[in-house]
Structures are given as C-alpha cells and as structure tokens.
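Here is what each chain is made of, one letter per residue.
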Amino acid sequence: MQVSVCGLYKRYGDLVAVDDLNFSFESGQIFGFVGPNGAGKTTTMRMMANLEEPDKGDVTIDGVSVIQFPEQGHDKMGYVPDALPEMKSITVYEYLDFFSRASGLRGTNRVSTLNRMIDFTGLTELLHREVARLSKGNKQKVTLTRALLHNPSVLVLDEPAAGLDPKARVELRELLRVLADQGKAILVSSHILSELTEMCDGVLMIDHGRLLKTGSLADILDHKDSHLKVSIRTLDDAERLLEFLKTLPHVSDVRLLQGRVWLEHSGDRRTSADLLAMSIRQGFSIVEFKEESRGLEDVFMKMTHGVRP
Amino acid sequence: MSLMSRMDERMNPVLLTQLRVLMRGKIMLFAVLLYMVIMMITVVGSAPSNWNIRRSDHVQMLLSFLAFSFVIVLPTLNGLMQSGSKDNLELISLTRLRPAQIARGQLGMLWVQYALLLMMSLPFVVMIHYFGGMDLSLFYALLGLASLVGIAFSHANFWICGLTLSSGWKQFLCWSLVPCQITLFAYIVSWNSFNRFDRDGVVILTLTVLVVIAALYFWLCALHTSVHANRALPVRFYTVFCVTVGGLIWKAVDITSFEAWAAMALIIASATALIAAGERREYGIRYYRSISDQLWRRVLLFPFSSGTANGITCSLLIALIVLLLAGVKWLSWITLFVFVLSYALLSVVIKDRILKRWGGPAYTWWIVLGVGAIVILMPFLVYGLLSSQGLEGIEHSVMIYFSPVFLTDNSMMLGKFMASLITFASIGPLYFAPFKNQLKAYLQKRGPSG
C-alpha cells in the first residue's frame, strides 16, 4: 500500500497555501510531517482527507485517486484532526457507537469491532464518561479510536500530541507504533520534533507550502555534506581558544557556554580531526573534543532559515 | 434477530444517538413533568359547573399552554446544534452518511419531540372535550398547525447554525426568531375564537409553513454537503418548482391577489441572483465529476447547478416564469431581464472588484448580500423620501421595483429600463467573459484543468 501526493496545489485568494507538493509513504511506515505554523501542513492533510479540494494535483492510495473517488478515499483513510471532540452529554460509548454505525458497520460485526477497538486503545473504563469531561489524552484516544473503527489502511493525524502530558505522549507513540507494525501507513504532524525522531521512519519538511526535504529519518539526519557541531573542553583559558578558533577557515558560530567552546564547521570528520590537531599544536591542553549529534530540530531550523526571506 | 434489534440497526444513526441522549437527560424529564403538572392544574383548577358557557376562554387558555409548551424543545435544539458544529460535521462527512441522512436524523429528532408533546396533550384535550363539548377536530387541527410552526422555526435555527458565522451571530439570529415564533403562536391561538375562524387562512398558513419546512430541509442538506460538490442543485430545483407550482395555483384558484405571488417570486429571483454572486466561477474536480455526460441533461440542469453563471441563469428563469404567468408585453420582458441581470452583475462587481482584498470569503458573501440589496433598493427609497409623500411615496417606489408586472405606466418602465441598461452596459463587459467561459466549461463538461 503506497500513499502518493503528486503536485498538490492550493491557494486561498492571494495566498498560496500548498505549492506543488510531492511525497509518498507506504505501509508500515510512520511519516513525520514538520513545518512552522502556517506552512501548509493542516491544509495538506485536509486535502488528503478530502475535506478540502486541491486546485491542482492528486492524492492516490495504491494508484486510486481519493480526489476523484472520495468515497473510496474515506474507506481507506482515517483522519484525526487537531480539534478534540467537545460534545457535552454524549458518552464515549455513544460517540463511538454513532461513528461505527455511520461508517456502515452493522450487527455483530459492529459490536465486535467496537469492542476490539475500545480494548486496543484502552478506553474500557471510560465508556460511560461524557466525552467533553475527559482529559486531553483520553479525548485523543477517543478520536484515534473513532478514526480506526472502519479499519483504514492509512492514518492521517494532525498534531495528535499537542497538549498531551508526557505519559499520554508515550502511550500515543506506542499505539502508533503498534498500528504501523500492523501494516498501516501513518502520516503524523507535530511541533515536538524530538517526539517525531523517536517515532518516525521518515520525515517530510515543508515551509510556505513548499517541500524542503523528504526522506527516511536516517537520510535526513545524515552528516554527509552538512555542518558538524563540536564541543571542546580545555584546561587553559577557554576565551583564548575561542579567539584562536575564530581565525580558522571553515569554522562558524563559535560560542562559549558553561566553560566549553561550541563551534560549527563545514566539512566532514577529517576537518574535525584537523581542527583538533591545530589546537593541540597551538599549545592548548584539550581534555575533551566531542562531536555533538544533530537532531531533527537542528535540521529543521537550518532548512527553514534557508528559505525565509 | 428480534424486531427491536432490526429497528435498532436500520435506524438513522443521528436520530438514534440523539434519542439516547434525550432519554438519559434530566432536563427533558423535568420539562415533561412540569408540563404535565401545569396542564393538570389548568384543567382541574378551571373546571367550574358552567364550563359550557365559558368554554371558549378555557379552550383559549389550554391552547395557549399547548402552543407555548413547544419551548420544551429548546434544550434538544441546543444539543443538536452542538452535534452539528463544523468540526463534528466534518468528521461525519468522512463516514458513509449522506448529507440528507444527517439532516433527516437531526430534523427527525425534532419531529419525534413534537409528536411526543402532541400525544401528551391528548388526555387533557379529551378531558376538556368531555366536560366542555368543544370541537375536538378543530382544536387538534390548530394544535397541529402550531406544531408545524414550531418545527419550521426549529428547522430555521438549524439552518442558521450551519452557516459560516461566529457563534455570537448565530445565537443572535436564533434568539431573534423566538419573538416571531411567539407572535405566530399567538396568531394561531387567536383563531380559537371560533366565530373568527378563517378556513382559507388556515389552509394558506399550513401550506406556506410546509413549503418553508421543505425549503429549510433542502437548505440544511445543502449546508451539510461539501462546498466542492454541486450542492445548489436540489435547492434551486425546489425553489423553481415552488415558484412555478405556486404561480399556477395562485392564478387558477386566485386565493388572494396574484400580485402578491409575483412580488414574492421576484424577490426570490433577486435573492437567487445575489447568492449566485458569492458562488464559484470555476468548477472543481469533484463538481466536474457530477456533471452529466448527456448534453440534454447538462442543458436542463445548468440553471439549477452550483456556480455564479448557473445561479444568475436561475434568477432569469424565475423572472421568465413570472412574466409568462403575468402575461405581460415584450418591453416588460426586456426591462425585467436587464434589471435582474444588472442587479446580479452589480453584486459580482462589488465582490470581485471592491471587496477582493477585504475579509474572508464567507464574510465577503454576506457583505455582497447586504450591500447589493441596499444599493438596488436605495433609488426606490430615495425616490420615496424625495417625493415627500411619506409611506405612500415609499410604497409607490417599491411598486417601481416590480413595475414590469404591476404598472402599465410606460414612461416609468422606460426610466427603469434605461437605468438598468446603463448599469448593465457599464459592468456587463467585466463579467461577460467569465460568464461565457463558465457556461462553455459546463456544457462541454470541461475539467478544472481545461
């Protein structure tokens, strides 16, 4: 099962919300969707879920266009919006029972599916509580259960971790991993990039509606052809080391922080080794020279900085 | 599978869920008990020995209570409005439920409640009939009419809640309907003085309320339908159907003045033209799929479908129906056509040229609706004020608006024709090309990419 987004384009008046977006992900993958506020993430996801119509482009699931055939798209896709259910006086069971009926499930099949999903997401004890009175984490579970009722093969989740406490975030992460292992293709947007690093197999970065980078997490975080970050601890005067490093080529963004010198340099690990050798030759007693690993956050900041006017 | 289980499976999911909530809720139980107690006190407390003599007063009081008891439905309305919020409706639209099923489920809940109220009032009505010897069928007919009015207002509330407005505006509009509803209830109750009973009045009011209920149902279905689909089709088809059938009945039976129907139809034509100004100029992917492959169907359905060009054609069609039924001369035809077209194009220009960079699409639509109406009515109001004839002047100026149908004064009609022609000549070219393109795209069934 492959989900492909091809040349998606959407404008609202003069604002181009999504501009020729192309990406794909497949069964068993959790794909992270990253971008600053107003980058076009929600618009893209809404177009994928058929809540908005693109001006151009298409979204296909195994070659079948969900724009041309929305009914087939609805059957194959489960959408979790960023808004949580706020209905007063409706219990969790009534809410889920309604959506199971609305999804076309009938008779014993409906009852067994409902019970299985309730067990899976751990909502059994909350069935008779009013939806509006649940915690954010539990509301998110209810929304996820609702999206899973018709057993979709693709899940699109818009900011599911927003506002959740750490325990609820871990639970959500584990649930999504189990779903991916069951063979579902999952697209999840989030502002918590460290969260995505732990959960995702691939990442898609957009800004101003345009694609910045897409690929597997390993590719995105790969050190090749990018800057490296290094921290150095010396027994000598750190300020003097800082001044020396500033004079070297390839070195940028040198800072003194908590007694350590932090720097970024262009090039690969060979350049790092040269920097260390030059510092020692200059007479500095280096006791620690550490390459800092780059996170998704660093990559994202760098990418978005690059396209901002 | 038992009968109950089969019913449970076949029931509309929206209706079923709302019924469950209603049965579980305490407010409804409290309201029903209170209603029963008040009715009991009213009947027992006012049961004198000479009931027959004063029966009209008692029936009046009882009918008042029954009519106003329909306020009991308000908490349910509130619950239904919550379930009909934009976020929730979007999620429902991702299921297999169709817009008409959602609308039927929501409105069915109100019908169930009104039916429940009518059934609950039955013992009290029978009691009064037994003691007072009143006309039971007439009493129930009036009560049924009051229920229909209540249902019509509940439908209207629903429709308002589906609009793209802030919740404050929605509440304001919904509460604004309450005095109108109470006034209509009072009007119906006043018919209870049997000597003043007007059978024709009851028939006209019942038919009007039924037409409004059906219209609100179609509008609600349209609101629940995706903006990308051809959602205007049933609404416009029903509107033109009502205008045509209504006109034919009015002309044949002549229940009341034919001019009243013509005036109403022209107002509908104007509103259709104004609404068309806010619609799409280009057909989207999903809309394109819904256009018929057969040319004759495409031609036939063009005026009823979504889209600016389609809506304006629909308003011209309504104007044509008015003129055909009114049987007026060719000059009147041209005058009215140019006037309606100028009216519509003026709204399009306001939206596209003046308000292009101002406000969101939803607000722009409302402004066009308001400004267009003010601009088009202004000359008549100014004429009325300048003529210094007070209300008479305004009445006369409103008559000019409908001049092709009602007035035989050629100089006045010529003036209107010239004014419309100047408006049309100045703004028509701006819109002519897009209109032509849209018509072509529809008839050739050309996709969004051309």
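Just above sits the structure.
Computed from a predicted structure; not experimentally measured. (Residues numbered from 1 in each chain as written. Chains lettered and ligands numbered in written order. Predicted model: local features only at pLDDT ≥ 70, side-chain atom pairs only at ≥ 80, totals over all residues. Heavy atoms only, no water.)

### A closer look at the overall build of chain B
Rule in force here: Each helix is a run of DSSP H or I of at least 4 residues and each strand a run of E of at least 2, with the numbering of both proceeding from the N terminus. Residue burial is assigned from relative accessible area. The probe radius is 1.4 Å, only protein chains are included, and a residue is buried under 20% of its type maximum, exposed over 50%, and partly exposed in between. Working rule for contacts: check all heavy atoms of both residues, and any pair within 4.5 Å makes them a contact. Shrake-Rupley sampling with a 1.4 Å probe provides the accessible areas, and residues are treated as covered by the protein chains on show and by no other component.
When its secondary structure is counted, chain B shows 20 helices and zero strands. Across the 450 residues of chain B, 46% fall into the buried class. Within chain B, counting contacts between residues at least 6 apart in sequence, those at least 24 apart form 74% of the total. Total accessible area computed for chain B in this model is approximately 22600 Å², and 70% of it derives from carbon and sulfur atoms.

### Focus on the overall build of chain A
Of the regular secondary structure elements, chain A holds eleven helices and 14 strands. With respect to the principal axes defined by its C-alpha atoms, chain A has extents near 80 × 45 × 35 Å. In chain A, buried positions account for 52% of the 309 residues. Excluding contacts between residues fewer than 6 apart, the proportion of contacts in chain A whose partners are at least 24 apart in sequence is 69%. Surface summary for chain A: the accessible area is close to 13900 Å², and the carbon and sulfur share equals 49%.

### What to know about the nonpolar core
For clarity, the threshold we go by: What is meant by a nonpolar core is a set of buried Ala, Val, Leu, Ile, Met, Phe, Trp, Tyr and Cys residues, joined one to another through side-chain atoms within 4.5 Å.
The biggest cluster of nonpolar side chains holds 55 residues, and the ones touching the most others in it are Tyr95(A), Leu96(A) and Met205(A). Apart from residues lying up to four places away in sequence, Tyr95(A) is in contact with Pro85(A), Met87(A), Ile90(A), Val131(A), Val142(A), Arg146(A), Asn88(B) and Leu91(B). One finds Ala17(A), Phe33(A), Met48(A) and Val59(A) within the second-largest nonpolar core, a separate group that totals 30 residues.

### A word on the sheet that holds strand β8 (residues 185-189) of chain A
Residue and element names in this part refer to chain A. Keep this limit in mind: Here, any two strands with at least 2 DSSP bridges between them count as paired. Only the stretch in contact is used when fitting a helix axis, every axis being a line fitted to C-alpha atoms; angles between N-to-C directions are given from 0 to 180 degrees.
Reading across from one edge, β6-β7-β8-β3-β9-β10 is the order of the six strands in this open sheet, with mixed pairing throughout. Taken across any chain shown, the strands that pair with only one partner, and hence form the sheet edges, are β6 (77-80) and β10 (210-216). The mean inter-strand angle of the sheet, taken between neighbouring strand axes irrespective of direction, is 15 degrees. Pairing between strand β7 (residues 154-157) and β8: four bridges, direction parallel.

### A few points about the pairing of strand β11 (residues 228-234) of chain A
All names here are of chain A. Summarising burial for β11: five of the seven residues are buried, a large majority. As defined by bridge partners, β11 adjoins strand β14 (residues 286-292) across six bridges and the pair is classed as antiparallel. If you follow Ser231 over to β14, its bridge partner there is Lys290.

### Thoughts on the environment of Leu241(A)
Residue and element names in this part refer to chain A. As for its placement among the helices and strands, Leu241 is situated in helix α9 (residues 238-246). Residues Leu241 and Val261 lie 20 residues apart in sequence; the distance between their C-alpha atoms is 7.8 Å. If we skip the residues at most four places from it in the chain, Leu241 touches Ile232, Thr234, Val261, Ser279, Phe284 and Ile286.

### Quick look at a nonpolar patch on the surface
Residues and elements named next belong to chain B. This is how the line gets drawn: In this scheme, patches are assembled from residues that exceed 30% relative accessible area and form no salt bridge. Like charges are connected within 9 Å, while nonpolar side chains (Val, Leu, Ile, Met, Phe, Trp, Tyr) are connected within 5 Å. Any Lys or Arg side-chain nitrogen located within 4 Å of an Asp or Glu carboxyl oxygen qualifies as a salt bridge.
Among the surface-exposed residues, Phe237, Phe241, Val245, Ile249 and Val253 lie close enough to one another that they form a single nonpolar patch of about 460 Å² accessible area. Residue placement: Val245 occurs in helix α11 (residues 232-253). Under the relative-accessibility criterion, Val245 is labelled partly exposed at 32%.

### So, the side chain of Lys41(A)
All names here are of chain A. Rules: In protein, a polar contact means a hydrogen-donor-capable atom and an acceptor-capable atom, both N or O and within 3.5 Å, with residues adjacent in sequence counting only if both atoms are side-chain atoms; elsewhere, any N or O pair within 3.5 Å suffices.
With respect to the helices and strands, Lys41 occurs in helix α1 (residues 41-48). For Lys41, the side chain forms a polar contact with the main-chain oxygen of Gly35, separated by 2.7 Å. Apart from residues lying up to four places away in sequence, Lys41 is in contact with Phe33, Val34, Gly35, Pro36, Glu159, Ser189, His191 and Ile206.

### What about the pattern of salt bridges?
All told, the structure shown has 14 salt bridges over all chains when counted by the stated rule. As a salt-bridge pair, Glu279(B) and Arg236(B) come within 2.3 Å of each other at their nearest N and O atoms. Of this pair, Glu279(B) sits in the loop between α12 (258-277) and α13 (285-290) while Arg236(B) sits in helix α11; the two residues are 43 residues apart in sequence, bridging distant segments of the chain. Each member of the pair Glu279(B) and Arg236(B) is classed as buried. One network of salt bridges, in which partners are shared, links Asp97(A), Arg101(A), Arg110(A) and Arg20(B).

### A short note on helix α6 (residues 166-181) of chain A
All names here are of chain A. Worth spelling out the cut-off: A helix is expected to span 1.5 Å multiplied by its residue count minus one.
Look at α6: 23 Å from first C-alpha to last across 16 residues, which is about the 22 Å you get at 1.5 Å a residue. As for α6, its buried residues are in contact with β3 (30-34), α4 (107-121), α5 (136-148), β7, β8 and α7 (193-199). Of the residues one or two after α6, Gly183 is the one with positive phi, at around 105 degrees.

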